[in-house]
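The lines below spell out each chain.
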Amino acid sequence: QVQLVESGGGSVQDGGSLRLTCTASVATGNRYCMAWFRQTPGNERAFVAYIRTDAATTYADSVKGRFTISQDNAKNTLYLQMNSLKTDDTAMYYCAAHPWYCSGSARVYSYWGKGTQVTVSS
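Quantities reported herein were computed from a predicted structural model and do not represent experimental measurements.

Here the focus is the overall build of the protein chain. When helices and strands are tallied, the protein chain shows 0 helices and 11 strands. In the protein chain, the succession of helices and strands from N to C terminus is β-β-β-β-β-β-β-β-β-β-β. Against the compact-globule benchmark of 14 Å for 122 residues, the protein chain has a radius of gyration of 13 Å, which places it among compact chains. Taking the principal axes of the C-alpha coordinates as reference, the protein chain spans close to 40 × 30 × 25 Å. Here the protein chain holds 122 residues, and 39% of them are scored as buried. Across the protein chain, every contact between residues at least 6 apart in sequence was considered, and the portion connecting residues at least 24 apart equals 58%. A distance of 5 Å separates the average location of the 11 positive side-chain charges in the protein chain from that of its 8 negative side-chain charges.

So, on to the packing of aromatic side chains. Applying the stated criterion to the full structure yields 6 aromatic pairs. Between phenylalanine 37 and tyrosine 109 the ring centres are 5.2 Å apart and the planes differ by 70°, which places this aromatic pair in the edge-to-face class. Of this pair, phenylalanine 37 sits in strand β4 (residues 32-39) while tyrosine 109 is found in the loop between β9 (91-99) and β10 (111-112), placing the two residues 72 residues apart along the sequence. Residue tyrosine 109 is classed as buried on the basis of its relative accessible area, which comes to 5%. With a centroid separation of 6.1 Å and 70° between ring planes, the pair formed by tyrosine 109 and tryptophan 112 is classed as edge-to-face.

Next up on the list: the nonpolar core. By size, the foremost hydrophobic cluster in this structure holds 34 residues, and its most contacted members are Trp36, Leu80, Met82 and Tyr93. Elements represented by at least two residues in this core include exactly β3 (18-24), β4, β5 (46-51), β7 (67-72), β8 (77-82), β9 and β11 (116-121). Every residue in contact with leucine 80, bar those within four places of it in the chain, is listed here: Leu18, Arg19, Leu20, Trp36, Val48, Phe67, Thr68, Ile69 and Tyr93.

Rules used in this analysis
Residues numbered from 1 in each chain as written. Predicted model: local features only at pLDDT ≥ 70, side-chain atom pairs only at ≥ 80, totals over all residues. Heavy atoms only, no water. Helix = DSSP H or I, 4+ residues; strand = E, 2+ residues; numbered from the N terminus. Rg over C-alpha atoms; globule rule 2.2 N^0.38 Å. Buried < 20%, exposed > 50% of the residue type's maximum accessible area, 1.4 Å probe, protein only. Contact = heavy atoms within 4.5 Å. Lys, Arg positive; Asp, Glu negative; His and termini not counted. Charge placed at Lys NZ, Arg CZ, Asp CG, Glu CD. Phe/Tyr/Trp six-rings, centres within 6.5 Å; stacked < 30°, edge-to-face > 60°. Core = buried A, V, L, I, M, F, W, Y, C linked by side-chain atoms within 4.5 Å.

Here it is in structure tokens:
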């Protein structure tokens, strides 16, 4: 089993930055697509970004140019650097993993963390 734990959320002003971290329990490297999703109360989980096993990245249009997804395989760690934050970025952020293949659909992913809250104030 894969266990994922998010951290790094908090409250920032519009235009500020945060870096989210997701740590995995097992020292397994590049065999998973790793992704970030976000969710607000009463809404479905929405795609943010993913990084493939070959390190190629894909972003939702709403975060393109502002967010950067990366990973450190030696530390079993996934990151989401968030710059130029907007109030619409306020959400619970989740990391997710699926063997080999990536998707922008939350239903595809096999493993999930419990989430970390990001709040952006105007």
